[in-house]
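Breakdown of the fold
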Amino acid sequence: MPITRAKPVDTLYDEVRNYDLVIVPDAPLASGLNRRLDRPHLGSFAITPRRLAAGRRERAEDRSAFLELVTTTDLDWKQAAYAIGNTLQCWEHQGRVEDVVNYDAYTDAATETTVEQLSALDTTSRRLGEYQIDDTQDVAVVGHDQLTTLERSILPAHYDRIDPFAEAAFDRPPFHIFESSTAIVDAVLGVVTAENAEDVAVVADRGSEYSTLVESALEAAGIPFIGGPGFADDPHHRGFVQFLRAATRGTDTRVRTIRSVLSRLEIAVDVEHDDKRLQDVDAESLAWFRGFCAEIEHTTFAAALTEYERQSGASLDAFHDELEALGIANDDVTERAVDRLEFYLQSYEVPVDREHDGVLLADPKSAAYVDRPVVFYLGLDESWTHSPPRRPWVDRDAEFTRNLTQFQLLVQNGVEQYYLVQDTVGGSPATPCLYFEDLLEDEFDRFSDLNAVTHGRTFGATEDGFEKESLAVTPTEVDTVSQSSLSTYVNSPRDHLFSRLVDSPDKDYFKEGNLFHDFAEFYVNHPDQIDPETIEELVDVMLDETASFVRRVDRPTRRTKYQVGLETIVQLLDDRVPEGDDLLTPNSGWGQNFFADHFDRAVDSPFTERWFENQDLGMKGKIDLVHGPNHLFDYKSGSRKRASQVIKNSTLNPPSDTPNFQALLYLSHRRSERSDERLQFTFFHFLETLDDVVTGKANLDDTLTTIEYHPMPFVDHARSRPMFEELRNDGANNCQKTLSKIEYDDYRVVFERAPLPVTRDSDELIDSEFGQVMQTRLRECVGEYKYVTLGCKQLLRQLARVRSRNYFEEDLDAFEGFVTERIAELNRRRAGEERFPVNGLAGEPNYRRVDNRDLLINHD
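A short tour of the structure in this document, coming up. Every value quoted in this text rests on a predicted model; they were computed, and no experiment measured them.

Let us look at the packing of aromatic side chains. Enumeration over the complete set of coordinates arrives at 44 aromatic pairs. Summarising the aromatic geometry, the rings of Tyr13 and Phe45 are spaced 6.2 Å apart at their centres and angled 75° between planes, so their arrangement reads as edge-to-face. Taken together, the residues Tyr13 in helix α1 (residues 9-16) and Phe45 in the loop between α2 (27-35) and β3 (46-47) connect sequence positions 32 residues apart. Residue Tyr13 shares its accessibility class with Phe45, and that shared class is buried. An aromatic cluster is defined as three or more aromatic residues linked by ring pairs; in this entry it consists of Phe175, Tyr377, Trp384, Phe400, Phe407, Tyr419, Tyr435, Phe436 and Phe447.

Shown next as structure tokens:
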């Protein structure tokens, strides 16, 4: 069905102007009709049933009933709220307060108490049930089907029904599609001014980001508005509850979890402390807050609110009144009591004094009429869809029809309507409001499937439209990258950018990793300082250093972890003493060492923590241990990776979704110093055997993963005599048996007859032309035996394994070119020639490796 045209308020007024009384379903329509009243009129003219029966503005009777029950009965707060909600809702739909007890599933002692209390309370619903419109009045009812059963009960025997719809169809304006909620709010603010505010309404779901953004933008621009934040939305009201929540969290509270509270109280704490426990952060600014938390169990709500006011400089008289109304002002603050207060504020709308002029902010679920010439509708997504109550006393079909009618009326308000929407949210299509499926004839899944206009970015107004504002800034060019920076950039350039712009908090694993690295460096320099007793002492020192990150319950586990880590490092360095190296880079040595400071001893070994910055290759880094001229070590606290996994994660075309170029980068740098030599890079995972140490089965070799660089192309290595001898002596059984019956030249000639494919996949190698030629050659030399076929496959698989566990000349050459390309690309983006995209070279980033997920909104 198409959208039926709604009658303008002026038209409705013309139809009802001569009646004595006009009953309407919502207050905005009543106000609109009353504003047009052009003749003297005694008493009410247009009015809602509740306003007429109560003789006053409608009150939130659910809140009034709740305050009455929690202060005069022993009902639990949630129990009372549940019973009140059911009773009032059933009363609304069935017409009598006691009707709820007719439903066995919803009848209990709490419900019976609630019915008894509500029967005696002076509520709007009670007055509705007792009120009857005088039959002598000439009554019109606009939108009869929008009234509930209880509201209809006041109607006289005879009245006229006025249809709010005309017979014509509504010519729906187009959807205006923007790329973000911010862009939508900017579009609204580009039109609204303090001078025209009285002519504008903005309809947005109260719980959406649109509502918050519009309110903030109007306030910042000095534009008055009607409606807006409720009692619980007040920043200081919200802040006080968060303040109480933070104070009752306990000793393991992290600074990150209460940062919004600290900001509200104007308590400054460096972001580096975010992941630390509050009580262990050595910051003078937190002294007052920590003291308050220590006394929270002996503090009343009223006293806590007074302390909050004193610290924040805010005056919260309304909140004091609300605590008194709830009867908890003099109760001690406990976690359960804070839960109850938060539940109350989330469940009920506390009345607030509001402005009466300016832009009208409306919620799409509250009313059908917005009597303003210009109306902006923001979002129009699934949040606009009502959820009919799932209760047996509710006719869900009738409720859906009522809500659909309200929606049809709502979207036609104003002389000019503007539907401002997003087509995608968070990378997924935005779902249009469910009611459009019934109102629009076109099939659609998203707004862009309908009549829509797409709007791009706007940066500043000019005579010809909008254009980017040019800034005369000369960017600093990057000439070297570290392995971690390169990995982040390859995964997501935009995440790399934000990592450079946004400060990050200290992490426990960074702190622990640095301590382990410092210990290893110190031990190489001063092995005589360390013995089993010293290690015990250093474990205590490490626990103290990481205490701000670690829960007390986790300290025994951390103690074992630290002790095993230190002992394993000592074992490795005792077994594999570093050898001399006379080709160190000139700028070696970097940073401070915690244990050097602890023992008051210097560290200046030529083997440890060697910093390099290779301008020719565009690479920089820090080598943990130069074990020998051709062998580098790196300490890792994470899980061990096999050599093949390391090689796989360093692939370039396309990159892995877990990119790691450390071995490639460090070996490339070392190759520039020792160009024609075989090099090794070993990852030492010193915590890998933690479980095995506990059971007494640890093997140091299980902590090591070594990658070897061969200074030649892989094809040269594969066809070399040493490779042939290795296959013949150490290969699988059938491979050894087959190769024992041929000469090296029989093996070598295969490389001359077919090209060796560039692959690390053994099946691909076996199926290749090279694989087939190798099999033919071996059969010619040995014979048509089954073991020859099997031996050939074993030989090819072994070649693939060698390729997948080592680096060769072409690998480092390709990587050096890759780094050069990335640096050039990075500098173009830093210069503003192109954007930093969210997606990396491999496509969508691996979000588990993204540091700034909340900042990555992909609209590329």
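Because an α-helix packs 3.6 residues into every turn, residues spaced three or four apart end up facing the same way. In this model, helix α17 (residues 396-410) (15 residues) spans 21 Å end to end at C-alpha, consistent with the 21 Å of a helix rising 1.5 Å per residue. Within α17, the full set of buried residues consists of Glu399, Arg402, Asn403, Leu404, Thr405, Gln406, Phe407, Gln408, Leu409 and Leu410. Two to three positions downstream of the cap, the backbone nitrogen of Asp397 sits 3.2 Å from a side-chain oxygen, assigning the N-cap of α17 to Asp395.

Hydrogen bonding along the main chain pairs the strands of a sheet, whether they run parallel or antiparallel. If you trace the four strands from one edge of the open sheet to the other, you get β3-β2-β4-β5, paired in parallel fashion. Each edge of the open sheet carries a strand with a single partner, namely β3 and β5 (160-162). Here three bridges tie strand β2 (residues 21-23) to strand β4 (residues 139-142), and the two strands are oriented parallel to one another. Bridging across to β4, Val22 finds its partner in Ala140.

All right, on to the nonpolar core then. Counting 77 residues, the largest nonpolar core has Ile23, Phe66, Phe319 and Leu341 as its most contacted members. Here the element with the most residues in this core is helix α5 (residues 77-94); it accounts for eight residues. Setting aside chain neighbours within four positions, we find Phe319 in contact with Phe231, His237, Phe240, Val241, Leu305, Leu341 and Leu345. Counting residues in each nonpolar core, the second largest holds 34 residues, with Tyr489, Met619, Ala643 and Val819 among its members.

Together, Leu501, Val502 and Leu855 make up a nonpolar patch on the protein surface, roughly 260 Å² of accessible area in all. Topologically, Leu501 is positioned in helix α20 (residues 493-501). Exposure remark for Leu501: the relative accessible area of 60% places this residue in the exposed category.

Cut-offs applied
- Residues numbered from 1 in each chain as written.
- Predicted model: local features only at pLDDT ≥ 70, side-chain atom pairs only at ≥ 80, totals over all residues.
- Heavy atoms only, no water.
- Phe/Tyr/Trp six-rings, centres within 6.5 Å; stacked < 30°, edge-to-face > 60°.
- Helix = DSSP H or I, 4+ residues; strand = E, 2+ residues; numbered from the N terminus.
- Buried < 20%, exposed > 50% of the residue type's maximum accessible area, 1.4 Å probe, protein only.
- Expected span 1.5 Å × (residues − 1).
- Polar contact = N/O pair within 3.5 Å; in protein donor to acceptor, adjacent residues only side chain to side chain.
- Pairing = 2+ DSSP bridges.
- Core = buried A, V, L, I, M, F, W, Y, C linked by side-chain atoms within 4.5 Å.
- Contact = heavy atoms within 4.5 Å.
- Patch = residues over 30% accessible without salt bridge, like charges linked within 9 Å, V, L, I, M, F, W, Y side chains within 5 Å.
- Areas by Shrake-Rupley, 256 points an atom, 1.4 Å probe, with all protein chains shown as cover.
- Salt bridge = Lys/Arg side-chain N within 4 Å of Asp/Glu carboxyl O.

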